[in-house]
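# Chain and residue survey
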Amino acid sequence: MSKLNYEVPQPTTEDLERIGKLLRHIGGEHVVWGAKESLDVWVIEQRAKLDQQMSERIYRASWALVLATVGLVVCTAALIWATLVD
């Protein structure tokens with residue numbers, strides 16, 4: 001399991017350029033967007049990435065629980081069978 005990083009990352013120059021292009025596409029050439037709007041878009045992107053990571057972890061954990069449950073069912077059936085055979 002990876003060590004959790006609680007530091008807030010900073011937007012890279014590439015992030016800011018990409019977000020600037022997105023905002024210009026949305027508002028057109030004559031709209032001036034401020035730093036707050038750029039930060040808002042970047043924060044939303046970061047949140048979406050974290051949501052995707054959490055979904056993937058929940059998916060893997062769910063399958064691990066399914067496999068563990070199947071293993072327990074098999075073990076329980078084997079114990080019942082072993083008890084009835086004696």
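See the structure printed just above.
Summarised in this report is the structure supplied together with it. (Residues numbered from 1 in each chain as written. Predicted model: local features only at pLDDT ≥ 70, side-chain atom pairs only at ≥ 80, totals over all residues. Heavy atoms only, no water.)

Position of Ser 62 relative to the elements: it lies in helix H2 (residues 35-85). Residues Ser 62 and Val 31, 31 residues apart in the sequence, show an inter-C-alpha distance of 46 Å. (Helix = DSSP H or I, 4+ residues; strand = E, 2+ residues; numbered from the N terminus.)

This part is about the layout of surface pockets. A volume near 620 Å³ is recorded for the largest pocket. Taken together, 17 residues line the largest pocket, and the ones lying closest to its centre are Asn 5, Glu 7, Pro 9, Leu 50 and Gln 53. Here the residues of the lining of the largest pocket are counted per class, giving eight nonpolar, four polar and five charged. (1 Å grid on protein atoms, 1.4 Å probe; cavity = no way out; pocket = protein on both sides within 12 Å on 5 of 7 lines; lining within 4 Å. Points joined across faces, edges and corners; volume = space filled by probe spheres on them. Nonpolar A, V, L, I, M, F, W, Y, C, P; charged D, E, K, R; others polar.)

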